[in-house]
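Geometric and topological summary
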Amino acid sequence: MRSLNICSKESIVRRYDHEVQGGSVIKPFVGATNDGPSDAAVLRPLLESFKGIVVSNGICPEYSDIDTYHMAACAIDEAVRNAVCVGGDIEHMAGLDNFCWCDPIKSDRNPDGEYKLAQLVRANKALYDYCTAYGIPCISGKDSMKNDYIMGSLKISIPPTLLYTVFATIDDVRRAVTMDFKAAGDCIYILGITKDELGGGEYYNLLCATGNTVPKVDANAAYHRYKAVLAAMKEGIIRSCHDASDGGIGVAITESAFSGGFGAKIDLTKVPCGDITRDDIILFSESQSRLIVSVSPKDEKRFR
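Below is a short write-up of the structure.

Moving on, we get to a nonpolar patch on the surface. On the surface, a nonpolar cluster with roughly 410 Å² of combined accessible area is contributed by Tyr149, Met151, Leu154 and Ile156. For Tyr149, the location among the structural elements is in strand E8 (residues 148–151).

Here the focus is the packing of helix H2 (residues 68–86) against helix H5 (residues 219–234). For the pair H2 and H5, interaxial distance at closest approach is 9 Å and the crossing angle is 15 degrees. When the interaxial angle is binned, H2 and H5 end up roughly parallel. Crossing of H2 over H5 shows left-handed handedness. Of the residues in H5, those touching H2 at Asp77, Val80, Arg81, Val84, Cys85 and Val86 are Ala222, Tyr226, Val229, Leu230 and Met233.

One open sheet holds the six strands; their spatial order is E1-E4-E5-E10-E6-E7, and the pairing between them is mixed. A single partner strand is all that each edge strand has here, and the edge strands are strand E1 (24–26) and strand E7 (138–144). Within the sheet, the average angular offset between the axes of one strand and its neighbour, ignoring direction, is 20 degrees. Pairing between E1 and strand E4 (residues 41–43): two bridges, direction antiparallel. If you follow Ser24 over to E4, its bridge partner there is Leu43. H2 contacts E1, E4, strand E5 (52–58), strand E6 (93–100) and strand E10 (161–170) of the sheet and is inclined by roughly 25 degrees relative to E10. Lying over the sheet, helix H3 (residues 113–134) contacts E6, E7 and E10, oriented at roughly 175 degrees with respect to E6.

What follows covers unusual backbone geometry. The backbone of Asn34 sits at a positive phi, close to 55 degrees, despite the residue not being glycine. Here Asn34 lies in the loop between strand E2 (29–30) and strand E3 (36–37). Take Asn34: its relative accessible area is 42%, and that puts it in the partly exposed class.

Right, let's talk about the side chain of Ser256 for a bit. Mapped onto the elements, Ser256 comes out in helix H6 (residues 248–260). Among the residues examined, Ser256 registers a relative accessible area of 0% and is labelled buried. For Ser256, the side chain forms a polar contact with the main-chain oxygen of Met179, separated by 2.7 Å. Apart from the residues lying within four places of it in its own chain, the contact partners of Ser256 are Met179, Asp180, Phe181 and His242.

Before going further, it helps to spend a moment on the pairing of strand E12 (residues 240–243). Every second residue of E12 is oriented toward a common face, with Ser240 and His242 on one face and Cys241 and Asp243 on the other, all of them buried. Looking at chain direction, E12 and strand E13 (residues 291–295) are connected through four bridges and run antiparallel. Looking at E13, one finds that His242 is bridged to Ile292.

Below, the discussion takes up the packing of aromatic side chains. Summed over the entire model, instances satisfying the criterion amount to six aromatic pairs. Here Tyr189 and Phe303 contribute two aromatic rings whose centre-to-centre distance is 4.9 Å and whose plane-to-plane angle is 50 degrees, an arrangement assigned as tilted. Here Phe303 lies in helix H8 (residues 300–303) and Tyr189 lies in strand E11 (residues 187–191), a separation of 114 residues in the sequence. There is no split in this pair, since Tyr189 and Phe303 are both buried. By the ring-pair criterion, three or more aromatic residues cluster together here, those being Tyr203, Tyr204 and Phe284. The positively charged end of Arg174 is found above the aromatic ring belonging to Phe50, 3.7 Å away from the centroid.

The rules behind each value
Each chain has its residues counted from 1, running along the sequence as written. The predicted origin of the model limits local features to residues at a pLDDT of at least 70 and limits the giving and counting of side-chain atom pairs to 80 or more, whereas totals for whole chains, interfaces and linings rest on all residues. The side-chain values count all of the structure's non-hydrogen atoms but skip hydrogen atoms and water molecules. Each patch groups residues whose relative accessible area exceeds 30% and which form no salt bridge, using 9 Å between like charges and 5 Å between nonpolar side chains of Val, Leu, Ile, Met, Phe, Trp and Tyr. Surface accessibility in these figures is a Shrake-Rupley result with a 1.4 Å probe; residues are shielded only by whichever protein chains are displayed. A carboxyl oxygen of Asp or Glu within 4 Å of a side-chain nitrogen of Lys or Arg is what we treat as a salt bridge. The helix count covers DSSP runs of H or I at least four residues long, the strand count covers runs of E at least two residues long, and both are numbered beginning at the N terminus. For helices, the fitted line uses only the C-alpha atoms of the stretch in contact; every axis is such a line through C-alpha atoms, and the angle between N-to-C directions lies from 0 to 180 degrees. Relative orientations are named as follows: roughly parallel for angles under 35 degrees, roughly antiparallel for angles over 145 degrees, roughly perpendicular for angles from 65 to 115 degrees, and oblique for any other angle. Rotating anticlockwise by less than a right angle from the far helix to the near helix defines a left-handed crossing, while the corresponding clockwise rotation defines a right-handed one. We call two residues in contact when some of their heavy atoms are within 4.5 Å. Here a strand pair is declared whenever DSSP counts at least two bridges between the two strands. For each residue, the accessible area found with a 1.4 Å probe, counting protein chains only, is set against the maximum for its type, and the residue is called buried under 20%, exposed over 50%, and partly exposed in between. Polar contacts, as used here, are pairs of N or O atoms within 3.5 Å; protein pairs need one atom able to donate a hydrogen and one able to accept it. Residues neighboring in sequence count only if both atoms are side-chain atoms. Ring geometry is summarised as follows: Phe, Tyr and Trp rings, the Trp one being its six-membered ring, pair when their centres sit within 6.5 Å, and such pairs are stacked at plane angles under 30 degrees, edge-to-face over 60 and tilted between the two. Counted as over-ring charges are cases with an Arg CZ or a Lys NZ within 6 Å of the ring centre that also lie within 35 degrees of the ring normal.

If you want it as structure tokens, here you go:
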């Protein structure tokens, strides 16, 4: 939880404007004491209407050490599922692709330029494949292709990175959902399959390792899961929803628990994970497209 990629960013966020004209419905922090990391922002730009705008992001630069195709795919899916977590309509989304890349042109000072260019090509293939699969147009973006620091014989290049931003609509901001657990006794569900996909993740980073099993996105399964979740949200039977990303379900459940002011009892043998038997893999795998939701016991049957 103290990893720099996971720990609270509140001290930074509070320094900048995140409230404009009182239109923020879901802010960067939510929960009982407003210290839970929100999955996305929800804005109500026209106060005479309850229709709102959802803004979310996805970024997974560590996966580039293994494969930039899956890095880009995971960034897109993370942005989409973050928007879905608060109630953003997957049928009304647009995306922005922001590339921050090391120099992809080969030269004497950049002898591995061809490899970096190949990484860029793979990332763009993923951008096409997954935006097409989700039906999301890329309406804008940014390309920054010279992110290298050189001083004498020292050269430092940033990881090949795609920051993907999603804008979505929500028909009624009063139905927006936050990530904090809401009541004692609520039932916790993990939606999506946990696989042995620790490569490039926070757990391996803690162990000073990279791995090979980078998370891969099944867009078709994810799309239908997100549609089902949004339908349940419209019926008002999902009380909290949080995406599992950096650090896996171990981190996601912890965040939802402390944000609501509760603990959580979790039986790892009930996590959908195939034949995985190691607790650390179940807890910290960063398999994509998974959501942690809580439901009142009285609504369990309808939810299932």
